Amino acid sequence: MDSISMETGFIIAGILFTLGLTGVMIRRNLIFVLMSIEIMLNAAGLAFVFAGSFWNQADGQVMFIFILAVAAAEVSVGLALIILIFQKFKTLDIDQLSKMKG
Amino acid sequence: MQIFIELIVLLPFLGFLILSFFGKYLGKKAISATAVGSVGLSALFTIILGVKLLNEPDTALFASLWTWFDIAGFNPQIAFYVDSLSVVFVFVITFVGFLIHLYSAEFMVDDDGYARFFAYMNLFVGSMLILVLADNLLLLYLGWEGVGLSSFLLIGFWYKEPENAAAARKAFIVTRVGDTAMAIGLFMLVYHFNTLDIQVLLNNIPGQWEVDNPLATATALLLLGGAVGKSAQLPLQTWLPDAMAGPSPVSALIHAATMVTAGVYLIARMNVLFIQSPVTMTVISIIGATTLLVAGLSALAQYDIKKVLAYSTISQIGYMFLALGVGAWSAAIFHFMIHAFFKALLFLGAGAIIMALHHEHNMFKMGGLRKKLPLTFWTFLIGSASLAALPLITAGFYSKDQILWYVWAGEHGSTWLWLAALTGALITAIYTFRMIFITFYGEQKTVVHQKPGALIKIPLIVLAVLSLLGGFIDLPHNFGNFDLFSRFVTYTLPGIEIEGENLEWILQTISAGVALFGVYLAYLFYLKKIPMYNNISAKLPGLKKFLLLGWNFDGLYNRIFVVPIFTMARINKRDFIDYIYTGIANLGLFFNSVLSKTQTGNVRWYIMGITFGAIALITIMFTL
Amino acid sequence: MILIYLIIILFVGGLLAWLANHFNEMASRLISVTAILVNLILILFIWIKNYSDISLGSEVWLYQYQQPWIERFGINWHFALDGLSLLLLTLTFFLGLLSVLASWSQIKEKVGFFHFNLLWILAGITGVFLAMDLFLFYFFWEIMLIPMYFIIGIWGHEKRIYASFKFFIFTQASGLLMFLAILGLYFFHGAQTGKYTFEYEMLLGTTLPEFWSYILMGGFLIAFLVKLPAVPFHNWLPDAHTEAPTAGSVILAGLLLKTGAYGLLRFVIPLFPEAVVGFAPYGMFLGVLSILYGAKLAFAQTDMKRLVAYSSVSHMGFVLLGVFALNELAYQGVVVQLLAHGISTGALFILVGGIHERLHTRNIEDFGGIWNIVPKMGAMALLFAMASLGLPGLGNFIAEFFILAGSFQASAVLTIFATLGLVAATLYSLRMFQKVFQGKQPSSISMKDLNLREMGMMLLMAVAIIWIGLYPKNIIETASVPLKKILEHPNIERQAEQLGVLNKNLPDDCSQVAVIDRTSKLKEND
């Protein structure tokens, strides 16, 4: 099967990353922000896999597993924080949560 | 001998210390005994020194306590130097001072501040003695400021009244202006001679500074500034009339006999410097002549008896300055001594009157006291006669006449100056006898509460005798040329050359005639009260007010100095420089308020910031 | 070793005082007094023991102590004592003792911490006067700051937070500029000689390109001008002095200002001789400006403490004038002025603090005619008001006379303006004295006169100021050699000769003039 060239791979990863970034910037609900962050992380991992396959080394796949592990940890902490925020402020609207201004 | 000199100076200071620390534990007799005693002992020792110097008038005595300091060869000592000039001054200070202390023992007896008064008086006498006995100008300056301080404390003795405190303040500040000029003069002397030792300076000034050298003139004018301030001459005379707020003995001692003559002493002592600057000498004589006229005219309009005497003092010191200016050094000192006698007498007499009439100062509320206070009247009359220089019998005639003669005939004299002095003599006679006629003759307007006691009468009598007989120690040339005094001081003061013929007797007759005419005018105006006087005085109320205010120098100085200084101080009370620093602080606060707006607390705002910042950075990195 | 002890005793005393507060308030005060008293006795002992060495002037440094600290950068614990530092240290411990006594009844909360701060300030000042290594000097300079900030901020009066911040920022900012200059000097010296060191004596001979010498001098100058304080950098002083408690004001006015003057004499003049000569006219001008502007502001105040604070600005203007006059007479005047001003202003602050403690007001308008209620206080106030205006017989006159006579030789015009400062001083001193003690008495004043402790303090200071005024010989001899050494560096006459503008017209040998013939007119000399 023809391998996809690296440039195409990076473009895909880049589009995915931008979608995730846009999601972080635009979405108001905290859970969606978290999901968008996940998309960004996975996009970065995808870029690593592409690079690893181009150089024919396993390092790309290894990095992806690292990223997965870190993402998992971070999501769990994030979700815990979201639960606490919801208990305290009764809302998940990110614009309401601007107590640290000024 | 040395110990006597030291004691003369130190005894009054000892009196001051005792009275300051233990005054409140001592009884009134003890207090007055300490004060009068210390000055009395000083007077006694002065007589001893005086006798010694009379026998050997071309010598001097010297006593040194310690070296004040020594920097690069500049090393004044705390030391005292007695020669014929200083012994005259010391004699007046201690002897007249002793009489005045005696008088004050009774005069101030009802005052709560009895101990404080005598403490200050002793401090004054001590400082004045340091002034005239100092062997270097720095120590003289110490005495100079010391008498300024004592004068401040004594003028403001009854300090609860704000006017007295204000008068004291005025005296201090006006004399300080003069003192500042003198200080600059001292700096010049240190710079050019590296010493302030008087005898060394007198030896070296002619060698280094030739006649009319601008440096000599500058230094002389600066020292003159100090003299003018202390001696209340134009333009620094405004403090003396106000100083009458102090008790009468204070006026007698400080503002008649001693402190105000400090300027005369300074100029006489530094005569070598002044001779090197004929310009300054002319300035001195002009200041003397104008002051004597301005003050004399002002005295004509006063109604407070002490103010008449104050302006009279300014005027008589004008005579002394005039004499110094034309080079009649010994005549000036002679007049100083005689003036001390009769002016102290007049002030003490005025004090006795004021006390007898229960603190009435206004002459027009007095009257008819001739019969009620006979001793006071006769002594006051003798003093006034001396002041007006009534011919032949009064000491004042001999001293003033000497000045008039030298002003006419001396090589630096001039006819204009002589005319001014003569007019001054006329005015003096008028205002003096105006004072006598209004106070002692006519109807009695205030009742006599209390007659003076012995301690007041004795000084009055002694001073009256001196005012009559004091002049006989130096008779004019055509009276037999008995010049005991001039010869005594001739080793310390230069002589004077006479130009022109010996017309002395004509001048004497003229001045005698003028004095008598003045008495006659006063008699006409104030005793007989002829209508012409009332017509004139009614038509010129403005002139009267102007003279009453002493030609309104106070108003002038108020406008030029006082008001601007106060305004400047008030506007800038908050200190405009502070605004620079609060401005910087406000700038910081401004940036704070601007930048803190970026902290919205809004997460999405932050994310946007991060994103765009990252894009910007990466772009910049790749384009460079 | 004794130099280190002076500092250590103060550091340890401070810690002990803080701890002692746990048990007994009075114990803190007593420990504080003891520590300072020990130091005072030590320094007087040093002075008396070495007096003959001082007057003969063979060695400049009387005692030295040197230990390496951070060798990598050339920093050592180097302390040294000479006549100048000796005099200033005596003043330090004398005024330190008086400030502890003055705060005896005034400070009631956190007494231990107060004395800890007080003693650490004194330790910092001692270090400043002794340090011979520039890094060490900066180290102690900063130590002086923080405890003073605490003292003003915690125990001060109404606007204390504002005042303490202002003081801190001014002094810190200027100190940082000085540190930059120190580093600059360090690097220049290192580049020239290959030896990187902060040692004072090694850095003395560094030749700098002209531009950099002005810049580096400016760095040091800023720090010392702010501390002095010179107009226009003086604004921290009125607020700091007014809002500080009495002890704080005494130490601020009496000591901290002197560190600025010391810095000028010890560091600026010797390290940058050519730049100093070039800057001298401007320095003198700033001095005259401080004298007159400070006096004008003092005259306008209604708060007594602020009035005395501005009078300090005016008096230190004389010091600035004298320092840049660059001759021996003026320098002796500077030294005497440092001592006399410390004592007289300290006394005035203690008196004003006493009045404030009794009546809780500092406003002049609230007073009048209280002299007969408190005669002792009045007499002392009169004495020190007279000192402030420069009455001869008291120390300040000697100082001001020397400075003015010395600066007259450098610039007659500026000196004439400065002498006007004497009249200005009369104005504000008399205003303060008369408004408070003379005039009409408002109805309801009742206050106690000075108690034994206060009267004792005032008498000590009165004796000191009269002694300086009438017998300054010891002080002048002690300071003579160090000042001559400092003046060797700018050596104006040599530079002026080189430039061809020698401007003095003294006779060739002035000392001869003084010796000539006192005896010619004297025949009798018992």
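Trainee: Quick one: what's the story with the overall build of chain C, residue by residue and with numbers?
Mentor: For chain C, the helix and strand inventory stands at 21 helices and two strands. The C-alpha radius of gyration computed for chain C amounts to 23 Å, which stays within 12% of the reference 24 Å derived for 526 residues, consistent with globular compactness. C-alpha extents for chain C along the principal axes are approximately 70 × 65 × 45 Å. Per-residue burial over chain C gives 66% buried out of 526 residues. For chain C, the accessible area works out to roughly 18000 Å², and carbon and sulfur atoms hold 65% of it.

Trainee: How would you explain the interface of chain C and chain B if you had to name every residue and give the values?
Mentor: In this assembly, 77 residues from chain C lie in contact with 75 residues from chain B. Our count for the contact surface shared by chain C and chain B stands at one salt bridge. The salt bridge partner of C:K166 is B:D578, with a shortest N-O separation of 3.0 Å. At the junction of chain C and chain B, the tally comes to 18 residue pairs in polar contact (both at pLDDT 80 or more). If one sorts the elements of the side of chain C that touches chain B by residue count, helix 17 (residues 412–437) of chain C sits on top with 11 residues. Classifying every residue of the side of chain C that touches chain B gives 42 nonpolar, 22 polar and 13 charged.

Trainee: Please give an account of the packing of aromatic side chains that cites residues and values.
Mentor: One pass over the full model with this rule turns up 80 aromatic pairs over all chains. An angle of 15° between the planes, with centres 4.3 Å apart, marks the rings of C:W69 and C:W77 as stacked. Judged by its relative accessible area of 31%, C:W69 falls in the partly exposed class. On the basis of an interplanar angle of 70° and a centroid distance of 6.0 Å, the ring pair of C:W69 and C:F135 is categorised as edge-to-face. Here C:W69, found in strand 1 (residues 63–70), pairs with C:F135, found in helix 6 (residues 134–155); they are 66 residues apart in sequence, far enough to count as distant. The ring of A:F89 carries A:K88 above its face, with NZ or CZ at 5.8 Å from the centroid. Across the ring face of B:Y114, the terminal group of B:K28 is positioned such that the distance to the ring centre comes to 5.3 Å.

Trainee: Give me the lowdown on helix 19 (residues 415–440) of chain B, citing residues and values where you can.
Mentor: Residues and elements named next belong to chain B. The end-to-end C-alpha distance of helix 19 is 37 Å, a good match for the 38 Å that 26 residues give at a rise of 1.5 Å each. The buried count for helix 19 comes to 21 of 26 residues, which makes it a mostly enclosed element. Measuring from the backbone nitrogen of W416 back to the side-chain oxygen at the start of helix 19 gives 3.3 Å, which picks out S414 as the cap. Backbone geometry just after helix 19 places G442 at a positive phi near 75°.

Trainee: Quick one: what's the story with the nonpolar core, residue by residue and with numbers?
Mentor: The tendency in soluble globular proteins is for nonpolar side chains to be buried as a group. Among the nonpolar cores identified, the biggest contains 428 residues, and C:F220 and C:F401 are the most heavily contacted of them. Of all the elements, helix 15 (residues 329–356) of chain B adds the most residues to this core, at 22 residues. In this structure C:F401 touches B:F74, B:L138, B:L186, B:F187, B:V190 and B:L196, once residues within four positions along its chain are discounted. In terms of nonpolar packing, the next biggest core, distinct from the first, is built from 11 residues, A:V24, A:L34, A:M40 and A:L92 among them.

Trainee: So what about the layout of surface pockets? Which residues, and what values?
Mentor: Counted as a void, the second largest pocket has a volume near 1600 Å³. Along the walls of the second largest pocket sit 40 residues, with B:I173, B:V562, B:I565, B:F566 and C:L427 positioned nearest its centre. Going through the elements one at a time, helix 6 (162–193) and helix 25 (553–571) of chain B together with helix 12 (273–300) and helix 17 of chain C are the ones with two or more residues in the lining of the second largest pocket. For the lining of the second largest pocket, a count of residues per class yields 25 nonpolar, seven polar and eight charged.

Trainee: Which residues make up the pairing of strand 1 of chain C, and what are the values?
Mentor: If a strand is regular, its side chains alternate between the two faces of the sheet. Residues and elements named next belong to chain C. Across seven bridges, strand 1 lies against strand 2 (residues 75–81) in antiparallel orientation. Bridging across to strand 2, Q66 finds its partner in H78. A loop of four residues connects strand 1 with strand 2, the two strands running antiparallel in sequence, and G74 in this loop sits at a positive phi of about 80°.

Trainee: Mind laying out the pattern of salt bridges, listing which residues take part and the relevant values?
Mentor: Across all of its chains, the model carries 17 salt bridges over all chains by this definition. Notably, a salt bridge pairs C:D82 with C:R266, separated by 2.8 Å at the nearest N-O pair. Of this pair, C:D82 sits in the loop between strand 2 and helix 4 (83–102) while C:R266 sits in helix 11 (residues 246–271), and the two are 184 residues apart along the sequence. According to the relative accessible area criterion, C:D82 is buried, its value standing at 1%. Connected through salt bridges with shared partners, the residues A:R28, A:D93, A:D95 and B:R604 form a single ionic network.

Reading the values: the criteria
- Residues numbered from 1 in each chain as written.
- Chains lettered and ligands numbered in written order.
- Predicted model: local features only at pLDDT ≥ 70, side-chain atom pairs only at ≥ 80, totals over all residues.
- Heavy atoms only, no water.
- Helix = DSSP H or I, 4+ residues; strand = E, 2+ residues; numbered from the N terminus.
- Rg over C-alpha atoms; globule rule 2.2 N^0.38 Å.
- Buried < 20%, exposed > 50% of the residue type's maximum accessible area, 1.4 Å probe, protein only.
- Areas by Shrake-Rupley, 256 points an atom, 1.4 Å probe, with all protein chains shown as cover.
- Contact = heavy atoms within 4.5 Å.
- Salt bridge = Lys/Arg side-chain N within 4 Å of Asp/Glu carboxyl O.
- Polar contact = N/O pair within 3.5 Å; in protein donor to acceptor, adjacent residues only side chain to side chain.
- Nonpolar A, V, L, I, M, F, W, Y, C, P; charged D, E, K, R; others polar.
- Phe/Tyr/Trp six-rings, centres within 6.5 Å; stacked < 30°, edge-to-face > 60°.
- Lys NZ or Arg CZ within 6 Å of the ring centre and 35° of its normal.
- Expected span 1.5 Å × (residues − 1).
- Core = buried A, V, L, I, M, F, W, Y, C linked by side-chain atoms within 4.5 Å.
- 1 Å grid on protein atoms, 1.4 Å probe; cavity = no way out; pocket = protein on both sides within 12 Å on 5 of 7 lines; lining within 4 Å.
- Points joined across faces, edges and corners; volume = space filled by probe spheres on them.
- Pairing = 2+ DSSP bridges.

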